[in-house]
Amino acid sequence: NEFDAVKYSQTDIVGSARYMGMAGAFGAVGGDMSGIEINPAGLGVFRRFELSLGFGAVGTQNKSTLENESSIVHRTHIPFNNFGFVLAFNSNKESGILNNNFSFTYNKLKNFNYNTTVSGSNLGSSLSDYMADMTNGLFKTDLDATNPYNNAEIGFLSILGYKAGLIEPTESGSNTWQSSMPNETVNSLYNARESGYVNEWKFAYSMNVNNVFYWGLSVGITDLFYKKETFYKEEIGSLGDFSIDNSFRTEGIGANFGLGIIFRPIDQIRLGAAVKTPTIYSSSAEDYGLEDSQRTSISSSKTTLEEYCSSNSYYQFISPWKYNFSAAFILGHRGLISLDYELMDYAHMRLIEDYGGTSGFSTENNNIKKLKMTHSLRAGLEI
């Protein structure tokens, strides 16, 4: 949905050590392989062959609070951040076109590795109340159909909750629903584990004109992988417990183009501008769900019910346009100050069905149109 579209479009400040140390503010600086991802004109600043390889350490801490109960999850990993090489061809001229440079780079744009744990005790509501609320308007016959999962008008949680005996009609023949366990206190536990990445392989070309004007263009191939596994369990007073396991996985490959310029009116100032087209992904998604309900009946015998569902889908995803405006101020041979102002137009993202239509994503795309353009400012200082 629209939340996934935003998640897949956002990028991290990941790359070479210098790039990360400057907060990714490299649009007008150039001369760094990770900076080529922002502005391909920066490739023209290189004067010789260069090879780059980078690793990093990433640590995350997630604190969740529910009804004054807190859980903290730590996760640390060492990702492979970037690799690339530059081929610089000097013309040996004193004016005109001084360099024609080519590069191939790999950059990890996004890391999805993340863990979440939320727990609560003596809660006054159950997930079954939510299931009942979202099932209102449906009849029992709708859920008893041969394969209700094929009906796009019925949510998976409605079917899972009904099949596992967690919800029931308020009366026979009614289309209003209620929890099968009303007025019970609940102890709950939720665990989520996310993993994945967005990687980009980029080919770029740039030209240096009189050490004053640089322009460059790039072609990027992007690889997307995301997986989320969740587990939710409720202990419902004296009535037993139920749990839900869910696994969602999506992957895709896409392409984009970039164009950028850098203008150096004097030695102390560099001004840059760049645009990156949307990445058009061809993607697939798999979703698996399993619900297990163990209920204690009046006769004190435990009843176990299981319900399993899965789905596969193929779709296209179009990420936002990205615009970058930058300036760098060179402090002699002592250092520099760099500023990048970036715009991302999320309202023009789109989700498209595999055959090219959009009717299946009409709700999601209408919500995407309500999103606003984001404004990001990055600043770096180097001494």
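A.B. asks: Go over helix 6 (residues 362-369), please, and point to the residues and values.
C.D. replies: Listed in full, the buried residues belonging to helix 6 are Glu364, Asn365 and Ile368. Buried residues of helix 6, viewed axially, fall in a sector of 95°; they line one side. Tucked into the core, helix 6 has its buried residues touching helix 1 (2-9) and strand 17 (350-353).

A.B. asks: A description of the nonpolar core should follow, citing residues and the corresponding values.
C.D. replies: With 22 residues, the main nonpolar core has Leu143, Leu166, Ile167, Trp177 and Phe242 as its most contacted residues. Elements that contribute at least two residues to this core include exactly helix 3 (127-135), helix 5 (156-163), strand 10 (213-236) and strand 11 (240-266). It is helix 5 that contributes the most residues to this core, 3 residues altogether. Setting aside chain neighbours within four positions, we find Leu166 in contact with Ser128, Met131, Gly161, Ser179, Ser180, Met181, Phe242, Glu291 and Ser293. With 18 residues, the next largest nonpolar core counts Val198, Tyr315, Met344 and Tyr346 among its residues.

A.B. asks: So, the packing of helix 3 against helix 5: which residues are in play, and what are the values?
C.D. replies: Between helix 3 and helix 5, the shortest axis-to-axis distance is 9 Å and the interhelical angle comes to 115°. Both helix 3 and helix 5 take part in a crossing whose hand is left-handed. Counting all contacts with helix 3, which are made through Tyr130, Met131, Met134 and Thr135, the residues of helix 5 involved are Leu157, Ser158 and Gly161. Classifying every residue of the contact of helix 3 with helix 5 by side-chain character gives 4 nonpolar, 3 polar and no charged.

A.B. asks: Give a description of the pairing of strand 9 (residues 186-209) that names residues and reports values.
C.D. replies: For strand 5 (residues 97-111) and strand 9, the ladder comprises 13 bridges, and the chain directions are antiparallel. Looking across to strand 9, one finds that Ile97 is bridged to Val209. Direction of pairing for strand 6 (residues 114-123) relative to strand 9: antiparallel, over a ladder of 8 bridges. Each residue of the ladder has a partner; that of Thr117, found in strand 9, is Asn191.

A.B. asks: Tell me about the packing of aromatic side chains, residues and numbers included.
C.D. replies: Applying the stated criterion to the full structure yields 20 aromatic pairs. Each ring, one from Tyr162 and one from Trp177, has its centre 5.8 Å from the other, and the planes form 85°; the classification is edge-to-face. Of this pair, Tyr162 sits in helix 5 while Trp177 sits in strand 8 (residues 177-179), placing them 15 residues apart in sequence. Here the two residues Tyr162 and Trp177 agree in accessibility, since each one is buried. Ring centres 5.8 Å apart and planes at 10° place the aromatic pair Tyr281 and Phe317 in the stacked group. With Tyr281 in strand 13 (residues 280-296) and Phe317 in strand 14 (residues 302-318), the pair connects residues that are 36 residues apart, well separated along the chain. With respect to class, Tyr281 is no different from Phe317; both count as buried. Members of the aromatic cluster, joined through ring pairs, are Tyr8, Phe112, Tyr226, Tyr281 and Phe317.

A.B. asks: Help me get a handle on the pattern of salt bridges, residues and values and all.
C.D. replies: By the definition in use, this model includes 11 salt bridges. The residue Asp144 makes a salt bridge to Lys140 at a minimum N-O spacing of 3.1 Å. For Lys140, a relative accessible area of 41% corresponds to the partly exposed category. Among the ionic pairs, Glu342 bridges to Arg378, the shortest N-O distance being 3.4 Å. Of this pair, Glu342 sits in strand 16 (residues 335-345) while Arg378 sits in strand 18 (residues 373-382), and the two are 36 residues apart along the sequence. Each of the two residues, Glu342 as well as Arg378, counts as buried. Through salt bridges with shared partners, a single ionic network connects Glu37, Glu200, Lys202 and Lys276.

A.B. asks: Help me get a handle on the environment of Ser91, residues and values and all.
C.D. replies: Inspection of the secondary structure puts Ser91 in the loop between strand 4 (80-90) and strand 5. Distance from Ser91 to Trp321, taken between C-alpha atoms, is 35 Å for residues 230 residues apart in sequence. In contact with Ser91, other than residues within four places in its own chain, are Ile97 and Leu98. Of the polar contacts made by the side chain of Ser91, one reaches the backbone oxygen of Ile97; its length is 2.7 Å.

Conventions we followed
Residues numbered from 1 in each chain as written. Predicted model: local features only at pLDDT ≥ 70, side-chain atom pairs only at ≥ 80, totals over all residues. Heavy atoms only, no water. Buried < 20%, exposed > 50% of the residue type's maximum accessible area, 1.4 Å probe, protein only. Helix = DSSP H or I, 4+ residues; strand = E, 2+ residues; numbered from the N terminus. Arc of directions from axis to C-beta. Contact = heavy atoms within 4.5 Å. Core = buried A, V, L, I, M, F, W, Y, C linked by side-chain atoms within 4.5 Å. Axes fitted to C-alpha atoms, helices over the stretch in contact; angles between N-to-C directions. Left-handed = near helix turned anticlockwise from the far one by under 90°. Nonpolar A, V, L, I, M, F, W, Y, C, P; charged D, E, K, R; others polar. Pairing = 2+ DSSP bridges. Phe/Tyr/Trp six-rings, centres within 6.5 Å; stacked < 30°, edge-to-face > 60°. Salt bridge = Lys/Arg side-chain N within 4 Å of Asp/Glu carboxyl O. Polar contact = N/O pair within 3.5 Å; in protein donor to acceptor, adjacent residues only side chain to side chain.

Read these as layout, nothing more, since geometry by itself doesn't imply function.
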